[in-house]
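# Reading the structure
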Amino acid sequence: MYRVKDGCPGCGACTAACPVGAIAQGPGLAVTIGSDCVSCGVCKRVCPIGLIEKSPEEDSDEKTDSGL
Ligand code: SF4
Ligand code: SF4
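- For the protein chain, an unreviewed UniProt entry supplies the name 4Fe-4S ferredoxin-type domain-containing protein and the organism Desulfocucumis palustris.

In structure tokens form, the structure reads like this:
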């Protein structure tokens with residue numbers, strides 16, 4: 001899973017580029033990456049200001065999402 005750092009101006013490049021439509025633009029300009037993300041890394045590559053990064057928890061413990 002990837003995440004968007006603070007300061008996104010909402011250019012829309014990542015939203016358009018995500019192959020699974022996991023990036024949504026909120027009521028403001030900033031975008032958020034949803035649970036549909038398959039960690040392909042495309043959004044990270046297209047963001048012109050480098051605001052998208054891999055979530056640190058991906059490499060360690062993924063149990064934070066359990067227990068709905
Ligand atoms: S890593 Fe890939 S699947 Fe995940 S939000 Fe970015 S473009 Fe979409
Ligand atoms: S590509 Fe980067 S700046 Fe543009 S909407 Fe996505 S996160 Fe924001």
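From this point, the narrative continues.
## Examining the site of ligand 1
- Around ligand 1, 14 residues are found, and the nearest of them are Cys18, Cys37, Cys40, Val42 and Cys43.
- Taken together, the residues of the shell around ligand 1 break down into 12 nonpolar, 2 polar and no charged.

## Examining the environment of Gly34
- As for its placement among the helices and strands, Gly34 is situated in the loop between strand S3 (31–33) and helix H2 (42–46).
- A C-alpha to C-alpha distance of 7.4 Å links Gly34 and Ala24, two positions 10 residues apart in sequence.
- When near neighbours in sequence (up to four residues on either side) are disregarded, Gly34 contacts Ala22 and Ala24.

The rules behind these values
Residues numbered from 1 in each chain as written. Chains lettered and ligands numbered in written order. Predicted model: local features only at pLDDT ≥ 70, side-chain atom pairs only at ≥ 80, totals over all residues. Near = placed C-beta within 6 Å. Nonpolar A, V, L, I, M, F, W, Y, C, P; charged D, E, K, R; others polar. Helix = DSSP H or I, 4+ residues; strand = E, 2+ residues; numbered from the N terminus. Contact = placed C-beta atoms within 7 Å.

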